[in-house]
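Residues per chain, in single letters:
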Amino acid sequence: MPDTLTIKDNRTGKTYDISIEHDTIRATDLRQIKVHDGDFGLMSYDPAFMNTASVKSTITYIDGDKGILRYRGYPIEQLSAGTTSFLEVAYLILKGEAPTKTQLEEWRLQIKQHTLVHENIRKLMESFRYDAHPMGMFISTIAALSTFYSDARDIFDGHSRERQIHRLIAKAPTIAAFAYRHSNGLPYVYPDVELSYAGNFLNMMFNTGSSKPALHSVLEHALAVLFILHADHEQNCSTSAMRSVGSSHVDPYAACAAAAAALWGPLHGGANEAVLGMLDQIGTASKIPDFIKEVKEGKGRLMGFGHRVYKNYDPRAKIIKKLAHDVFEVTGKNPQLDIALELERIALEDEYFVKRKLYPNVDFYSGLIYRALGFPREFYPVLFAIPRIVGWLSQWEEHVLDSDQKISRPRQIYLGRPERNWIPIDQRT
Ligand code: ACO
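Only a predicted model underlies this, so the values are computations on that prediction, with no experimental measurement involved. (Residues numbered from 1 in each chain as written. Predicted model: local features only at pLDDT ≥ 70, side-chain atom pairs only at ≥ 80, totals over all residues. Heavy atoms only, no water.)

Caption draft 1: Broad picture of the nonpolar core. If you look at the biggest cluster of nonpolar residues, it comprises 117 residues, and the most contacted ones within it are Phe138, Ile169, Phe201 and Phe375. Here this core takes twelve residues from helix α17 (residues 380–400), the largest share from any one element. (Core = buried A, V, L, I, M, F, W, Y, C linked by side-chain atoms within 4.5 Å. Buried < 20%, exposed > 50% of the residue type's maximum accessible area, 1.4 Å probe, protein only. Helix = DSSP H or I, 4+ residues; strand = E, 2+ residues; numbered from the N terminus.)

In structure tokens, the structure reads:
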């Protein structure tokens, strides 16, 4: 029988034919496998979803063994080659096809119209402490947007979804820049709709009072490429959070805030911040062998290395490594690049890393560019979250419109106590 899997249950001697579609069996097909009628049926146990597909998606394709990443079929190398803008890629990811010139113009206009935030959002941000982590401010403010746009709750209305998508993509850089200006006690710079998406963001961050934005085209281009490389990455931790929270039909601001919270962790989008911490800690190239020895002894991880899906060089890291050289031509070389290059060289030859297929991931070199551009270290996860909002929204929309989906609700294997009687506190020993 083609495209089926025959399972024999040795507890009962019964056999079952289970359909295979897209090289996958449906976990619920296992439920018919029972020892007796009252039995719940067989489940699969898969902590951290190591081998469980929970969605069918048409957005992003990754082949982790070959180091391939494509958005809607287009290789990441082509999309980041310099001729495509971030908003063009955002359109592609969200709508499935590349825009025509007219569509792109209309799309840009829509985004630009929404770049300002309500003045109460600005006031809300002012109430954060001066030393609040920018990612904490970003997450809270994205969540707060939900209180300004009650129409966002109408998630099955296509026009409403589209409006929230425009708002979130447009306002994320403004909120991020306000978080930075707030931490530094600087006056806020309002959006300039004449600038590119990345250029406007850099201007809101770093303009020190000039009426003309002081932008260097190489640096603006570098940030736009980084935004493109971070726009989506299929079912990672934060995207799963977006889909899972969104499956309760909450509005997209609340779901995006949850996704951003997931991104903040040092094993995910917080790794770029951790890489720079690691490079600071290593300090000089002569200390690299001792550091690698400690990693191999389990006393910490080589941050920016390893990936759940890529068991080859992360294609984004290759592009970012080259980009770092372009940026350093303008800003002057940061000696930490040499430490990073040497760390990579040693790790790629070391049996520990080779055996475990640990290669540089997207975060290994991105922090060095962010530092060269003038962003403080704690700001790096925010720089990851801004473009990833595009991916989250695209995956969220696919999820809420997917008739296969329901509210996310994993099963558990209960290994706790069986039923027992409650003993009042004064009778407990
Ligand atoms: N340094 C040293 N050893 C590592 C590293 C690392 N960076 N990553 C994995 N390993 C080792 C583990 O200790 C484990 O070894 P063992 O088999 O002897 O126990 C083995 O490699 C497998 O590691 P897991 O943790 O099981 O791999 P998993 O797929 O769960 O983790 C992860 C992937 C979280 C990315 C991991 O590689 C890691 O912690 N890397 C460092 C943090 C990082 O760079 N995160 C960014 C990822 S990219 C992103 O989110 C944008």
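From this point, things continue past the structure.
Caption draft 2: Quick peek at the site of the ligand. Close contacts around the ligand come from 19 residues, with His268, Arg301, Leu302, Gly304 and Arg308 the closest. The backbone of Leu302 places a nitrogen or oxygen atom 2.8 Å from a nitrogen atom of the ligand. A distance of 2.9 Å separates a nitrogen atom of the ligand from a polar atom in the backbone of Phe305. Taken by itself the ligand offers 920 Å² of open surface, and the protein chains cover 73% of this. (Near = heavy atom within 4 Å. Polar contact = N/O pair within 3.5 Å; in protein donor to acceptor, adjacent residues only side chain to side chain. Areas by Shrake-Rupley, 256 points an atom, 1.4 Å probe, with all protein chains shown as cover.)

Caption draft 3: Here's a closer look at a nonpolar patch on the surface. A contiguous nonpolar patch, built from Phe40, Met43, Tyr45, Ile413 and Leu415 and spanning about 580 Å² of accessible area, is present on the exposed surface. As for its placement among the helices and strands, Met43 is situated in the loop between β2 (14–19) and β3 (60–63). Given a relative accessible area of 32%, Met43 falls into the partly exposed group. (Patch = residues over 30% accessible without salt bridge, like charges linked within 9 Å, V, L, I, M, F, W, Y side chains within 5 Å. Salt bridge = Lys/Arg side-chain N within 4 Å of Asp/Glu carboxyl O.)

Caption draft 4: Quick peek at the side chain of Gln395. Its location among the elements puts Gln395 in helix α17. Among the residues examined, Gln395 registers a relative accessible area of 0% and is labelled buried. Ignoring any residue separated from it by four or fewer positions in sequence, one finds Gln395 in contact with Ser57, Ile59, Asp232, Glu234, Gln235, Thr239 and Arg243. (Contact = heavy atoms within 4.5 Å.)

Caption draft 5: Highlighting the environment of Pro99. Considering the arrangement of structural elements, one finds Pro99 in the loop between α2 (86–95) and α3 (101–113). As for Pro99 and Val354, which are separated by 255 residues in sequence, their C-alpha atoms are 42 Å apart. Those residues in contact with Pro99, other than ones at most four positions away along the chain, are Glu88, Tyr91 and Leu104.

Caption draft 6: Layout of the pattern of salt bridges. As enumerated under the stated definition, the model contains 24 salt bridges in all. Residue Asp131 pairs with Arg129 through a salt bridge whose shortest N-O separation is 3.0 Å. By relative accessible area, Asp131 is classed as partly exposed at 43%. The exposed category is assigned to Arg129, whose relative accessible area is 55%. Across the pair Asp326 and Lys322 runs a salt bridge whose closest N-O atoms are separated by 3.4 Å. Of the two residues, Asp326 and Lys322 are both situated in helix α13 (residues 315–331); the distance of four residues between them amounts to about one turn of the helix. Salt bridges here are not isolated pairs; linked through shared partners, they connect Arg26, Lys56 and Asp404.

Caption draft 7: Region of the structure containing the pairing of strand β1 (residues 4–9). Bridging between β1 and β2 involves six bridges; their strand directions are antiparallel. When the bridges of β2 are listed, Leu5 appears paired with Ile18. Two successive antiparallel strands, β1 and β2, enclose a turn made up of four residues, where Gly13 displays a positive phi of approximately 80°. (Pairing = 2+ DSSP bridges.)

Caption draft 8: Spotlight on the pairing of β3. Bridging between β3 and strand β4 (residues 68–71) involves four bridges; their strand directions are antiparallel. Bridge pairing in β4 links Tyr61 to Arg70.

Caption draft 9: Geometry of helix α16 (residues 363–373). Of all eleven residues making up α16, nine are buried, and the element is well covered by its neighbours. The complete set of buried residues in α16 reads Asp363, Phe364, Tyr365, Ser366, Gly367, Leu368, Ile369, Tyr370 and Leu373.

Caption draft 10: Layout of the packing of aromatic side chains. What the rule picks out here adds up to 19 aromatic pairs. An aromatic cluster of at least three residues, connected via ring pairs, comprises Phe86, Tyr180, Tyr197, Phe201, Phe206, Phe227, Tyr370, Phe375, Phe379 and Tyr380. One residue, Arg356, lies across the ring of Tyr352, its end atom 3.8 Å from the ring centre. Just above the ring of Trp422 sits the side chain of Arg428; from NZ or CZ to the centre is 4.7 Å. (Phe/Tyr/Trp six-rings, centres within 6.5 Å; stacked < 30°, edge-to-face > 60°. Lys NZ or Arg CZ within 6 Å of the ring centre and 35° of its normal.)

Caption draft 11: Expanded view of unusual backbone geometry. Despite not being glycine, Asp3 has its phi angle at roughly 50°, a positive value. Inspection of the secondary structure puts Asp3 in the segment before β1. You can call Asp3 exposed: its relative accessible area is 58%. Backbone geometry at Glu234 places phi at a positive 40°, although glycine is not the residue there. Topologically, Glu234 is positioned in the loop between α8 (217–229) and α9 (237–246).

Caption draft 12: Looking closely at the side chain of His399. Residue placement: His399 occurs in helix α17. Dropping the residues within four chain positions of it, His399 is found in contact with Val55, Arg243, Ser247 and Gln405.

Caption draft 13: Layout of the packing of helix α6 (residues 158–183) against helix α7 (residues 197–206). The interhelical angle for the contact between α6 and α7, taken along N-to-C directions, is 20°, at an axis separation of 8 Å. Comparing the axis directions of α6 and α7 gives the class roughly parallel. Crossing of α6 over α7 shows right-handed handedness. When α6 is examined against α7, the residues Ile169, Pro173, Thr174, Ala176, Ala177, Tyr180 and Arg181 are found in contact with a partner set consisting of Tyr197, Phe201, Met204, Met205 and Phe206. (Axes fitted to C-alpha atoms, helices over the stretch in contact; angles between N-to-C directions. Parallel < 35°, antiparallel > 145°, perpendicular 65-115°, else oblique. Left-handed = near helix turned anticlockwise from the far one by under 90°.)

Caption draft 14: View of the environment of Val189. Relative to the helices and strands, Val189 resides in the loop between α6 and α7. Those residues in contact with Val189 that sit more than four places away from it in its chain are Phe178, Arg181, Asn203, Met204 and Asn207.

Caption draft 15: How the structure looks around α7. For α7, the buried fraction is high: nine of the ten residues fall into the buried class. Along α7, the positions that sit buried rather than exposed are Tyr197, Ala198, Gly199, Asn200, Phe201, Leu202, Asn203, Met204 and Met205. Where α7 is buried, its residues touch α2, α3, α6, α8 and α17.

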